[in-house]
Amino acid sequence: MARAGLKAQRRWYAEEIRWSAKLRSTRLVEALATVPREAFLGRGPWQILGDRAFDRGYAKTSDPRHLYHNVLVAVDASRLPRLNNGLPSFLASLIDRLDLEPGETVCHVGCGTGYYSAIMAEMVGKRGRVVAVEVDQALARRSRQNLKRYRQVEVVAADGFAHDPGKVDAILVNAGVTHLSQVWLGNLKRGGRLVAPLTLDNQI
């Protein structure tokens, strides 16, 4: 598809996510309209799952325009359950809460293939820094390759719960956790922000 067509589709997508997630940050919306999502998902065809289509399962597409909706995209279809890229409205709402400013340092715990790390890299700019941490070695390699154009991003293959990123202004934890890491709390600068989806511990 023509590059101009995809550029327009990204802009439409950014506005869709702005509306559905009630985003406040205009820089976040601009990042969503700028970062090519398909560049972080491998070669198509892709398997996508709409936020209102869980009962119908994944659909296959070779059209990159279909990635620019509020949909999950499988990054490893061989895993059960499938490993996904993350629902844009949900991840964008978490990033929005960080109130990222140009020049800040943010740690992204569970960066996957790097798409949302790239979004935050756009927000903090070239003077900022993103420490993208991924425990899965294969995903960390993909993320490092995907993010090589962002010199302000460091990809670390490590346990994000234990890795020390140094002092940071903000931390985004990509997956649900039952409690917060003392490493995270100890590395937040004064006035720092941490966003993590908390889940229940099912152990009795």
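Residues numbered from 1 in each chain as written. Predicted model: local features only at pLDDT ≥ 70, side-chain atom pairs only at ≥ 80, totals over all residues. Heavy atoms only, no water.

### Thoughts on the pattern of salt bridges
Next, step 1: The full count for this structure, using the stated rule, is ten salt bridges.
Next, step 2: Taking the shortest distance from any N to any O, the salt bridge between Glu38 and Arg10 comes out at 2.8 Å. With Glu38 in the loop between helix H2 (26–34) and strand S1 (46–50) and Arg10 in helix H1 (residues 3–21), this pair connects stretches of sequence that are 28 residues apart.
Next, step 3: Residue classification places Glu38 among the buried positions, given a relative accessible area of 16%. (Salt bridge = Lys/Arg side-chain N within 4 Å of Asp/Glu carboxyl O. Helix = DSSP H or I, 4+ residues; strand = E, 2+ residues; numbered from the N terminus. Buried < 20%, exposed > 50% of the residue type's maximum accessible area, 1.4 Å probe, protein only.)

### Describing the pairing of strand S9 (residues 188–195)
Next, step 1: Here strand S8 (residues 168–173) pairs with S9 via four bridges, running parallel. Each bridged residue has a counterpart across the sheet, and for Leu172 the counterpart in S9 is Val195.
Next, step 2: Considered for its hand, the β-α-β crossover made up of S8, helix H6 (residues 182–187) and S9 is right-handed. (Pairing = 2+ DSSP bridges. Right-handed = clockwise from strand over helix to strand, strands pointing away.)

### Observations regarding the pairing of strand S3 (residues 71–76)
Next, step 1: Where burial is concerned, most of S3 is hidden: five out of the six residues are buried.
Next, step 2: Of the strand pairs in this sheet, S1 and S3 are connected by three bridges, and their pairing is antiparallel. Its bridge partner lying in S3, Leu49 is registered against Leu72.

### A few points about the environment of Lys7
Next, step 1: Relative to the helices and strands, Lys7 resides in helix H1.
Next, step 2: On the basis of relative accessibility, which here comes to 59%, the residue Lys7 falls in the exposed class.
Next, step 3: Remark: the alpha-carbon pair of Lys7 and Glu30, spanning 23 residues in sequence, is separated by 12 Å.

So yeah, pure geometry; function would need other evidence.
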